[in-house]
Amino acid sequence: MKAIETSLEINEQLYSRQLYVLGTEAMRRLRRSSMLVSGMKGLGVEIAKNLVLAGVGRLTLHDPSPTCWMDLASQFFLAEEDIGQNRAKASLPHLAQLNSSVCLDAHDGPLAEIELQAFQVVVLTDSTLEEQLQVGSLCHKLGVHFVVASTRGLVGQLFCDFGKEFTIYEPSEAEPLGNSIGHISQGSPGILTVLEENGHCFQDGDRAVFSGIEGMTELNDGDPRPVRVLGELPTLWVRSGGKGPSGRMELIMAASSWETERARCLHQAFQALHKFQAQTGRLPRPWDLGDANELVVLARGLEPLQGDHGEKGNEALDEALVKEFAMTCTGDLSPVSSVIGGIAAQEMLKAASGKFTPLDQWLYFDALECLPEDGQDCRYDGQIAVFGADFQKKLGEQNYFLVGAGAIGCELLKTFAMVGLGAGPGGGITVTDMDTVELSNLSRQFLFRSQDLNVTAALAVKDMNPALRVTAHTNELGPDTEHVYGEDFFSSLDGVACALDTFEARQYVSERCIHSLKPMLESGTQGIQGEAAIFVPFLTQPYSMPPEDAIETAYPICTLRYFPSTIEHTLQWALNEFEGLFRLPAETINRYLQEPDFLKRMEGPQALNCLRTASTSFLHPPQCWRDCVAWAQSHWQHCFHDSISHLLQVYPPDKVDEEGVPFWSGARRCPQPLDFDLSSVSRDAHLDYILAAANLYAKTHRLAGSQDRDGLRGMLQASPALASVFAGSGFLLFSAADPAHLQALLSALERWPGTSLEPQLFEKDEDGHFHMDFVVAASNLRAKNYGIPLADRRKSKKIAGRIIPAIASTTAVVAGLMGLELYKAVMGHRRLSSYRHSSLHLDGPHLARWAPSAASVQQYRDMKWTAWDRLTVTAPAPGQPEMTLKDLLSYLQVSLAPPHLPALGHRSNSPCLCTSP
């Protein structure tokens, strides 16, 4: 295999959402990494896809085998025309299209020591036990991180060997220990007490690297130091002593073992399967009781597993579990590949980046609850081996509605194509998404390519399964489109999959599903966290929007204007400034030009407020770039010096209340005015603000701007009094709702001969338009006023743009979990215990699955109902009239009246009503 040079450059726009998950340093380590994926069936291509989207430096695909029919059940980059072709070589062109910055090559020879030493991480996905032991031994010898991943039907297996020691730079998605980690006592060993709000994730045998420790610099030598946890309190000891109020620790994790009863049984089942294959040269036949019993016999003959402390397990083998595994292990299911492939890819990213805690060696996953509650070659052979041909036919006849074609939506479309949902007679999938594809989408939405930028999502999924029937819409699902997605549309569906990014949108979809009695698959991700759920009519509690998220957090105006204490406050203030300077004034003037009387129809204070925001534009309209710079400098002086000085006159720094408590205490930070200064690099934010504000002001007034920083600096230094033309004029002087002020402004506006302006609509992702430049500079200057720690551009963009961090591996796992629930919904499971809600944290990793809550039953007198029940009218008997509204009200008064009150009205002879599914 040839050496390939990789670029360490990070495309921040492409990886913007992922950088919020991993950080710049971890991403740089990924760009330097070299990985190998062996086995390019469904699981292997799932792992490779996630690694390519993540942007690893180099990836080699290894597989010596040709494509066969069964591969098509889960290998989404292979087609019928690839039958007989090498799997790795056939998959490579498709993977290369996902990310041009990743160097890809294919290898179909043996994996000897000379090949393995070129890689940092190796994963085997389709291998025998002999191959796993041989390659694992070589990797351990060479210091190569080694992973084994395997899926057999509804069961998955994962193993990680990252060596005896592995450095973790940040163990979880939470903020790392640092900046007041605690105190270290004098002496040896030193006692480190971690602040209670920080906590720690150390275990005996771990080692920590300290940096940035003040007052005890000998700890900053970079050497790992062993730690021991002293008890339940957040204390541990390190070899050295001292005290330091701040610093950072890197955790070096010691590998340990695994231990759960079900995991042990599945481990024995996999080991028995290896023996079965070695003896027979094949896998057990689907649903063959003889082969299943033979696998149970082989599992019984294995040595008991040792626990974490060396003891041997003595629990009885779960033979029923082993039999279920044996009867379905020939199958190859796309959702299971998505789950294990996403987790495996994340473990490989951990190995290369040192970000997040790696798997504790073994992980076993099963979804055997998907099996029925009651048993000619084609692309679905791997799935038919588990569920049978009748179920495959039923999948093809389904009609499903996918709402949202973003990251999760793309993964779901892939799953639908692989399982054959809606790919048969009478079946189909309708997908709608009003958003267009942006560059930042490409690191996690694998159906799109760079040429799809700024166009509606294409139906690339049909290339994976030409039989798939997909109807694509670009509508937003909501009250305004109910003429498209009305009762007839929902009545024709078998189910709905929701891949939306707001609670309000999910709530609307849920209400439509409740009304039409359709199952709803729902999910969401945030960084390395994800959730998946299913809501089944009459069985589970319907989806409901979390109360704490129903109302978006809003900060009090007085906090933003006068008493900010966090960077979130200053960023919101900066966003308000952007709106008030570059959008609202232009919209006010443009509306006045179209409707000259609209201001006179307003109440005085409201009209004055509108005019104040727009006054500078018509009292002193800029004529050139120099005027825009003068305005920007004047506004800088007002915001960061004059207004702060005025606030300190009203509330002096030494002000105390009647009880002697300082006014500037607690959450109130006492501000300090800034002086405009271009003399040092540390004052670049001053120039950044002027450059961004002047360009936005120029664009609003349809004037030419400038990106010449040096020219702007020279202009400001040559003319210190440049802003004097704006001093004492414009909207800054109008602070009271004075009718005289209102009339003066109206008169000035009537005399203004100007033309329409260009409102600036804030866009966080448009580089070069100065939107984020202004917000970052304004926020950080405001933060300097109040002594608040500053935020760099990436953090500011995340907060101001309300960006949700995302990474492809999390999305893949969540979509796979949804696919497993899809099986159950199509199969028609009626036991609540068959369904699963899931919560995922890949930093651990941790995956929790549980049965959903039953539908809540309401009762009034002798009537019982759930949110899924409906009040329906039976058909009238021949000759009887239809029920009127008066009849309905009378019926309800009679049937629902409290026992101690007489019913009003009369009972109608019209048809009766009843609660009915």
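Owing to the predicted nature of the structure, the values given are computational and were not obtained by experimental measurement. (Residues numbered from 1 in each chain as written. Predicted model: local features only at pLDDT ≥ 70, side-chain atom pairs only at ≥ 80, totals over all residues. Heavy atoms only, no water.)

**Some remarks on the overall build of the protein chain**
Threshold: Put simply, DSSP marks the helices as runs of H or I at least four residues long and the strands as runs of E at least two long, and each gets a number from the N terminus on. Type-normalised accessible area, obtained with a 1.4 Å probe on protein chains alone, sets the label of each residue: buried when under 20%, exposed when over 50%, and partly exposed for intermediate values. To measure how exposed things are, a 1.4 Å probe is used in the Shrake-Rupley method; for residues, cover is taken only from the protein chains shown.
Scanning the protein chain for helices and strands turns up 27 helices and 26 strands. Put simply, the protein chain has 917 residues, and 52% of those count as buried. Total accessible area on the protein chain stands at roughly 40,800 Å², and carbon and sulfur atoms take up 51% of it.

**Comments concerning the sheet that holds strand β19 (residues 520–526)**
The test is simple: Here, a strand pair is defined by DSSP locating no fewer than two bridges between the strands. Here an angle of 0 to 180 degrees is reported between the N-to-C directions of two axes, which are lines fitted to C-alpha atoms, with helices fitted over the stretch in contact. Only heavy atoms enter the contact rule, under which two residues are in contact if any of them lie within 4.5 Å.
A sheet is described by the order of its strands in space; here eight strands give the open sequence β17-β16-β15-β18-β19-β20-β21-β22, paired in mixed fashion. Looking at strand neighbours, the two that pair on one side only are β17 (470–473) and β22 (846–850), the edges of this open sheet. Neighbouring strand axes in the sheet, compared pairwise and without regard to direction, differ in orientation by 10 degrees on average. With five bridges joining them, strand β15 (residues 399–403) and strand β16 (residues 428–432) adopt parallel strand pairing. Bridge assignment links Asn399 to a residue of β16, and that residue is Gly428. Each of β15, β16, β18 (495–498) and β19 touches helix α13 (residues 407–419); the most contacted strand, β15, lies at about 160 degrees to it. Where helix α26 (residues 808–827) meets the sheet, its contacts fall on β15, β18, β19, β20 (529–535), β21 (837–841) and β22, and the angle it forms with β19 comes to roughly 170 degrees.

**Some thoughts on the UniProt feature "active site" (unreviewed entry) in the protein chain**
The cut-off we apply is this: UniProt positions are given in the numbering used here, feature names are shortened, and annotations may be inferred rather than shown by experiment.
Residues annotated by UniProt as "active site" (unreviewed entry) correspond here to Cys558. Mapped onto the fold, Cys558 is located in helix α17 (residues 557–561).

**Re the nonpolar core**
For clarity, the threshold we go by: Side-chain atoms within 4.5 Å are what join buried Ala, Val, Leu, Ile, Met, Phe, Trp, Tyr and Cys residues into a set we call a nonpolar core.
Within the largest apolar cluster, 128 residues are counted, with the highest numbers of intra-cluster contacts made by Ile47, Leu51, Leu59, Leu154 and Phe387. The dominant element in this core, judged by the number of residues it contributes, is α26, at 12 residues. Excluding residues within four positions of it along the chain, Phe387 makes contact with Leu154, Leu333, Cys370, Leu371, Tyr823 and Met827.

**Looking at the side chain of Thr67**
To be explicit about the condition: Identification of polar contacts relies on pairs of N or O atoms within 3.5 Å, with a donor-acceptor requirement for protein atoms, meaning one able to donate a hydrogen and the other able to accept it, and with residues adjacent in sequence counted only if both atoms are side-chain atoms.
Checked against the element boundaries, Thr67 lands in the loop between β2 (58–62) and α4 (87–96). A polar side-chain atom of Thr67 sits 3.5 Å from the main-chain carbonyl oxygen of Asp82. When residues no more than four places from it in sequence are discounted, the contact partners of Thr67 are Leu72, Leu78, Asp82, Ile83, Gly84, Gln85, Asn86 and Arg87.

**A closer look at helix α24 (residues 771–786)**
The cut-off we apply is this: In a helix, the anticipated span is given by 1.5 Å times the number of residues less one.
In a regular helix each residue adds 1.5 Å, so 16 residues correspond to 22 Å; α24 covers 23 Å between its end C-alpha atoms and thus fits that length. In terms of burial, α24 is a largely internal element, 14 of the 16 residues being buried. Where α24 terminates, the next one or two residues include Gly787, which has phi positive at roughly 65 degrees.

**Digging into the packing of aromatic side chains**
Quick reminder of the rule: Here a Phe, Tyr or Trp ring, Trp counted by its six-membered ring, pairs with any other such ring whose centre lies within 6.5 Å, and the pair is stacked when the planes are under 30 degrees apart, edge-to-face when over 60, and tilted otherwise. Criterion for a charge above a ring: Lys NZ or Arg CZ within 6 Å of the ring centre, and within 35 degrees of the ring normal.
If you walk through the whole model with that rule in mind, you get 32 aromatic pairs. With a centroid separation of 5.7 Å and an interplanar angle of 85 degrees, the aromatic rings of Phe489 and Phe490 are classed as edge-to-face. Taken together, the ring pairs connect Trp573, Phe578, Phe582, Trp631, Trp636, Phe640, Phe676, Tyr689, Tyr697, Phe762 and Phe774 into an aromatic cluster. Positioned over the ring face of Phe663 is Arg668, at 4.3 Å from the centre of the ring.

**Examining the sheet that holds strand β6 (residues 155–161)**
Taking strand neighbours across the sheet as the criterion, the seven strands line up as β3-β2-β1-β4-β5-β6-β14 in an open arrangement whose pairing is mixed. Two strands bound the open sheet, and with one partner strand each, they are β3 (103–107) and β14 (362–366). Going from strand to strand, the sheet's axes swing by 15 degrees on average, the running direction of each strand aside. Pairing geometry for strand β4 (residues 121–124) and strand β5 (residues 145–152), over four bridges, is parallel. Residue pairing in the sheet places Leu124 in a bridge with Val148 of β5. α4 rests against β2 and β3 of the sheet, and its axis sits at about 170 degrees to β3. Across the face of the sheet, helix α7 (residues 261–280) comes into contact with β5, β6 and β14 while running at roughly 90 degrees to β14.

**Concerning the pattern of salt bridges**
As a reminder of what qualifies: Any carboxyl oxygen of Asp or Glu within 4 Å of a side-chain nitrogen of Lys or Arg constitutes a salt bridge here.
Summed over the entire model, instances satisfying the criterion amount to 34 salt bridges. Across the pair Glu46 and Lys49 runs a salt bridge, and its minimum N-O distance is 2.6 Å. Here Lys49 and Glu46 lie together in helix α3 (residues 42–54), a separation of three residues that amounts to about one turn. Residue classification places Glu46 among the buried residues on the basis of a relative accessible area of 1%. The exposure class of Lys49 is buried, given its relative accessible area of 0%.

**Concerning the pairing of β20**
Counting buried positions along β20 yields five of seven residues, so the element is predominantly enclosed. Of the pairings in the sheet, the one linking β19 to β20 comprises seven bridges and is antiparallel in character. By the bridge assignment, Met520 is partnered in β20 with Phe535. The antiparallel hairpin formed by β19 and β20 contains two residues in its connecting segment, where Gly527 sits at a positive phi of about 65 degrees. Pairing of β20 with β21 involves four bridges; the strand directions are antiparallel.

**A look at the environment of Lys824**
Here Lys824 lies in helix α26. By relative accessible area, Lys824 is classed as buried at 0%. Taking C-alpha positions, Lys824 is 7.6 Å from Ser834, a pair spaced 10 residues apart along the chain. A polar atom in the side chain of Lys824 sits 2.8 Å from the side chain of Glu821. From its side chain, Lys824 meets the backbone oxygen of Ser834 in a polar contact 2.9 Å long.

**Examining the packing of helix α18 (residues 567–594) against helix α25 (residues 793–800)**
Definition in use: Orientation is classified from the angle alone, with under 35 degrees giving roughly parallel, over 145 giving roughly antiparallel, 65 to 115 giving roughly perpendicular, and any other angle giving oblique. Amino acids are sorted into nonpolar (Ala, Val, Leu, Ile, Met, Phe, Trp, Tyr, Cys and Pro), charged (Asp, Glu, Lys and Arg) and polar (every other residue, Gly among them).
Following both chains from N to C, one finds α18 and α25 inclined at 70 degrees, their axes separated by 10 Å at the closest point. In this view, α18 runs roughly perpendicular relative to α25, as classed from their interaxial angle. Where α18 abuts α25, its residues Ile567, Glu568, Leu571 and Leu575 lie against Lys795, Ser796, Ile799 and Ala800. Taken together, the residues of the contact of α18 with α25 sort by class into five nonpolar, one polar and two charged.

**Let's talk about unusual backbone geometry**
Note: most peptide bonds trans; most residues except glycine with negative phi. With an omega of -5 degrees, the peptide bond running from Gly844 to Pro845 counts as cis. Looking at the element boundaries, Pro845 is found in the loop between β21 and β22. For Trp287, which is not a glycine, the phi torsion comes out positive at approximately 55 degrees. Positionally, Trp287 belongs in the loop between α7 and α8 (289–300). A positive phi angle, near 55 degrees, is found at Leu517, a position not held by glycine.

**Some points on the pairing of β21**
Of all five residues in β21, four are buried, a share of seventy percent or more. Taken together, the five bridges between β21 and β22 define a ladder with antiparallel strand orientation. Residue pairing for β22: His841 is matched across the bridge by His846. Following β21, the chain reverses through four residues before pairing antiparallel with β22.

**Focus on the packing of α7 against α8**
Rules: Crossings are classed by handedness, with left-handed meaning an anticlockwise turn of the near helix from the far one by less than a right angle and right-handed meaning a clockwise turn.
Look at α7 against α8: their axes get within 8 Å of each other, and the N-to-C directions meet at 115 degrees. Looking at the two axes, α7 sits roughly perpendicular to α8. Taken as a pair, α7 and α8 cross one another with a handedness that is right-handed. For the pair formed by α7 and α8, the contact residues are Gln268, Ala269, Ala272, Leu273, Lys275, Phe276 and Gln279 on the first element and Asp291, Glu294, Leu295, Leu298 and Ala299 on the second.

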